[in-house]
Amino acid sequence: MHSQNSVKGTVKDTKGHLLDAVTITLTKDQKQIATAFSDLGDFSLNHPEAGNYTLTASLSGYQPVQITLQLPKEEISLVMQKSEHMIEEVTMTKRKPLIERKIDRISFHVENSIIASGGSAWEALSKAPGVQVTSSNTLTANRKNVRIYLDGKPLTLSGDDLAAYLQGMPSDQVAQIEIFSNPPARFDAEGASVINIITKKSKKQGLTINLSGGLTQGSRTGYTGNTTFNYRKNKWNMYGSYGFTRRNTFQDHNTFINYGNSLWNGTHRTIYASDPHAYRLGIDYQVTDNQLLGFLVTGNNRKGSSQGSAVTRISRPAMKPDSLLNTDNYASTFGNQYTYNLNYNLKLDSAKSSLNIDLDYSPFRNSSRSFTDNVTLLPDGSETSSFFHIYTPSSQDIDILSGKADYHFKASKGLEITSGIKYSSTKSTSIFDYFNRDTSVFTAVEANSNHFIYRENVASFYTSASGNLGSWTVQGGLRGEFTRTNGYLQNQDLLNKRNYFKLFPTLFVQYRLNDSHELQLNYAYRIERPEYNRLNPAKRFSSPYIVYAGNPALRPAFVHSLEAGYTYKQKYNLTAYYTSTRDVFTNIEVQDNKTQRYYGTQANLGLSAMAGMRLSAQIKLLAWWDLNLLADVYRQREKSEYLSGSFDNHMVSFSGSLNQSFSLDKGTGLKAEINATYNSPGIQGVYTARVNSQIDAGIKMNILKNAGTLRLTATDIFNTNNNFVRINYQDQQSSFFYHRESRFVTLSLQYRLGKNITASRNRTTASEEERKRAL
């Protein structure tokens, strides 16, 4: 490595006016040494040693300038002349397709979707191809469990907390969503599939500020606001964003349980209110032309509440009324999540190789206070002496320390190799207290309280290679992970330990028959580790007769996934696939017909397998009418020993989506979009689910001289996004209806200030999937 020298200069036009955003390039022996953009006429370039160099300046509308000079030199002055045949400036923008397919992923360009834009990142995620969102805010991609990344770094949250975080981030910040059905080796082995949300990035120097806001009307009114900025000056680049959302929604949860000698029919509605704040601030410093140092802070602060009311009617045979349960729940929640990342990037050998190092610290704090009251009424309307008034405060503290290093090397023109190491350490402390309430007197019940400490350490390494050989493109990798876990239930003095080492291979092969025809084959072996809330054995009572608890003895599940496909003209794709998961963990519900209690927990089952055919097509019906189609036919198999018997369930299912976009007026950028999704009945373990569907529509136009965009969208227009699940196994007879509010009308406005810039780097930090698994 050579010490760096600097040369400064100015660039003007023939009238002496300073020129901005001129591209200045310094070369030696036909090798590029440095590049810079003029900032109001000033520029600075670094060079390694004395000698003869060539300097080139270029700017649209001006004749390029090229000079030869001897360095070192104190200052350079350049004068540029306007082109003699200067034409009126025209901006040519190639619009990316809504859905783009690559060798190892599918990219969904959110900014090209009216329905996915103008709302929240969570809503945009639910519109991505193959992504499913359940009423309990569980995400899957092509019906496989998924890990969520933001700009290459995983999020700490899951379930309702993940939804709250992404609901606080406007989708106007999101450029595209990458779906990795079989993730490559550079991702941690955790997660059968991976979704990477990529935020928007601009391209030139200067200052850019984006402002956006929206008003959402459902059963109640909500709103969102957001701002992003990016500023670059010489060697410094600063970027950040802040988003706030006020949401007020409801969820219906109805139950029907047949205990044999009694029928329990319950209706339950919960009102949710949430105020999440999401923000990030990053600084990059260009130490030299080939060294970059960066620091990034991301944060999420949220508070919320839920208030529920349930009525359960109990009847005996012949529908004779027995009793009535009135249950009220109230909970307030508070949460803070931060990530501190230090990054160093070094380019070597004229950028043929690079080293990237990340150090991360990710603390997560969550607390809640919950009150549950139940009154039992007899058929004559009188109250029983049954007492159930409880207070259950809880907290969870998670600390994640991690570090990783990645080395990338271009071995030859068609071969690239990447290798890396990583170590992460996670500690989760969960405290759950249980009190009986009698007016103002609180009595602790130690048997129902819980103090759970979970530790996890993972050491990993990987290497991957990709290259082209004629019509072949191959990408293969191998990742090894050693995992050590320790779960301690303090009040029962119960310890669960597990140590294991696994290798996870991946392979992607693509063969181009000609410009119109391609064949693909890919395989991945992955691991699914339980989220921390699944391991927490704290008992949570929704009524005197229904209790939920985690399982600290859960084992990880292992997934084999194989896909083979054919692509025609990059617009039509047909893929055959097979996925097999062993020791799949899932929530289970067990009804005790003797005590008439309902118990929900987590358990490892046996085999969950799926084989099917998936068709995707991008069709331009007319110059102003585009269509994107996704259709999936698959056969599911769920096989396991369960309770006192076993099951082996099979079902053929179908899912599909149809997106249509219409360009109505080019002058104003007026466009419209309609999207429809459909899911046929399916199975999971002993559960059978009914049909689920949804139709959305939207329209947008440019305003304020194209500096602003106005959008109006309507989601789930016919209110059909419902989930009905049934259990019919041995003496387990129950059904559930879930509906999380999904019909909304949103009016949003985005406004852009300033000039475009080189935005924040999309870099991967060391806190991988551990942070996603937090509550």
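Right above here is the structure, for reference.
Residues numbered from 1 in each chain as written. Predicted model: local features only at pLDDT ≥ 70, side-chain atom pairs only at ≥ 80, totals over all residues. Heavy atoms only, no water.

Participant: Would you take a moment to explain the packing of aromatic side chains for this structure?
Facilitator: The relative placement of two aromatic rings is captured by the distance of their centres and the angle of their planes. Following the criterion strictly, the structure yields 29 aromatic pairs and no others. Relative to tyrosine 729, the ring of tyrosine 642 lies with its centre 5.4 Å away and its plane at 45°, an arrangement referred to as tilted. A residue pair is termed long-range when its members are at least 10 positions apart, and tyrosine 642 in strand E38 (residues 625-642) and tyrosine 729 in strand E45 (residues 723-729) qualify at 87 residues. By relative accessible area, which is 7% here, tyrosine 642 ends up buried. Put simply, the rings of Phe371, Tyr391, Phe435 and Phe442 touch in pairs and so form one group of aromatic residues. Residue placement shows arginine 247 over the ring face of phenylalanine 744; its charged tip is 5.9 Å from the ring centre. Residue placement shows lysine 502 over the ring face of phenylalanine 558; its charged tip is 4.9 Å from the ring centre. (Phe/Tyr/Trp six-rings, centres within 6.5 Å; stacked < 30°, edge-to-face > 60°. Helix = DSSP H or I, 4+ residues; strand = E, 2+ residues; numbered from the N terminus. Buried < 20%, exposed > 50% of the residue type's maximum accessible area, 1.4 Å probe, protein only. Lys NZ or Arg CZ within 6 Å of the ring centre and 35° of its normal.)

Participant: Teacher, can you tell me more about the sheet that holds strand E36 (residues 597-604) here?
Facilitator: Pairing between the strands of a sheet comes from backbone hydrogen bonds, and it takes one of two forms, parallel or antiparallel. Pairing is mixed across the open sheet formed by 4 strands, whose spatial order is E31-E32-E36-E35. In this open sheet, the two strands that pair with only one neighbour each are strand E31 (540-543) and strand E35 (585-592). Pairwise comparison of adjacent strand axes, ignoring direction, gives a mean angle of 25° for this sheet. For E35 and E36, the ladder comprises 8 bridges, and the chain directions are antiparallel. Residue pairing for E36: valine 590 is matched across the bridge by tyrosine 599. (Pairing = 2+ DSSP bridges. Axes fitted to C-alpha atoms, helices over the stretch in contact; angles between N-to-C directions.)

Participant: So what exactly am I meant to see when it comes to unusual backbone geometry here?
Facilitator: The phi torsion of most residues other than glycine is negative, and most of the peptide bonds are trans. In this model, leucine 71 is joined to proline 72 through a cis peptide bond whose omega is 15°. Among the structural elements, proline 72 can be located in the loop between strand E6 (65-71) and strand E7 (75-80). You will see that aspartate 583, though not glycine, has its phi angle at about 60°, which is positive. Examined against the element boundaries, aspartate 583 turns out to sit in the loop between strand E34 (572-582) and E35. Note on aspartate 583: relative accessible area 28%, which makes it partly exposed. A positive phi angle, near 70°, is found at asparagine 706, a position not held by glycine. One can find asparagine 706 in the loop between strand E43 (692-703) and strand E44 (708-715).

Participant: Explain a nonpolar patch on the surface to me, please; I cannot follow it from the model alone.
Facilitator: A contiguous nonpolar patch, built from Val287, Leu293, Phe295, Tyr340, Leu342, Ile357, Leu359, Tyr361 and Leu401 and spanning about 730 Å² of accessible area, is present on the exposed surface. Per-element tally for the nonpolar patch: the top contributor is strand E22 (residues 353-377), with 3 residues. Mapping leucine 401 onto the fold places it in strand E23 (residues 389-412). (Patch = residues over 30% accessible without salt bridge, like charges linked within 9 Å, V, L, I, M, F, W, Y side chains within 5 Å. Areas by Shrake-Rupley, 256 points an atom, 1.4 Å probe, with all protein chains shown as cover. Salt bridge = Lys/Arg side-chain N within 4 Å of Asp/Glu carboxyl O.)

Participant: Explain the pattern of salt bridges here, please?
Facilitator: Opposite charge on two side chains lets them pair, provided their charged atoms get close. Across all of its chains, the model carries 26 salt bridges by this definition. In this structure, arginine 280 and aspartate 151 form a salt bridge, with 3.4 Å as the shortest nitrogen-oxygen distance. Of this pair, arginine 280 sits in strand E19 (residues 263-288) while aspartate 151 sits in the loop between strand E12 (144-150) and strand E13 (153-154), placing them 129 residues apart in sequence. Per residue, the accessibility class of arginine 280 equals that of aspartate 151, and both read buried. Several salt bridges converge on common partners, so that one network encompasses Arg147, Asp188, Glu190, Lys422, Arg479, Glu481 and Arg529.

Participant: I tried to follow the environment of isoleucine 453 on my own but got confused; where do I start?
Facilitator: Its location among the elements puts isoleucine 453 in strand E27 (residues 450-469). Distance in space between the C-alpha atoms of isoleucine 453 and leucine 495 is 9.6 Å, their sequence separation being 42 residues. Residues within four places of isoleucine 453 in sequence aside, it is in contact with Lys427, Ser428, Thr429, Asn486, Gly487, Tyr488 and Gln490. (Contact = heavy atoms within 4.5 Å.)

Participant: How should the nonpolar core be read in this particular structure?
Facilitator: Generally speaking, a soluble globular protein has its nonpolar side chains buried in company with each other. Of all hydrophobic cores here, the largest spans 27 residues; its most connected members are Leu125, Leu139, Ile148, Leu166, Ile177, Ile195 and Ile197. Looking at this core, the elements with two or more residues in it are helix H1 (121-126), strand E11 (139-141), E12, helix H2 (159-167), strand E14 (174-180) and strand E15 (193-199). With residues up to four places along the chain from it excluded, the contact list for isoleucine 177 reads Ile106, Ser107, Phe108, Val110, Ala124, Leu125, Ala128, Ile195, Asn196 and Ile197. (Core = buried A, V, L, I, M, F, W, Y, C linked by side-chain atoms within 4.5 Å.)

Participant: Looking at this structure, I do not really get the environment of asparagine 329. What am I missing?
Facilitator: Relative to the helices and strands, asparagine 329 resides in strand E21 (residues 320-348). Accessibility expressed as a relative area gives 16% for asparagine 329, which makes it buried. Measuring from C-alpha to C-alpha, the distance between asparagine 329 and arginine 529 comes to 31 Å, with 200 residues separating the pair along the chain. When neighbours within four sequence positions are excluded, asparagine 329 is seen to be in contact with His268, Ser306, Gln307, Gly308, Phe371, Thr372 and Ser542.

Participant: I'm lost on the sheet that holds strand E3 (residues 31-37) in this one. Help?
Facilitator: Here we have 4 strands laid out as an open sheet, ordered E3-E2-E5-E6, and antiparallel in their pairing. Of all strands in the sheet, those bounded by a partner on one side alone are E3 and E6. Taking the axes of each pair of neighbouring strands and ignoring which way they run, one obtains an average angle of 25° across the sheet. Strand direction decides the pairing type here: strand E2 (residues 23-28) and strand E5 (residues 51-58), joined by 5 bridges, are antiparallel. Each residue of the ladder has a partner; that of leucine 26, found in E5, is leucine 55.

Everything listed is a geometric property; what it means functionally is a separate question.
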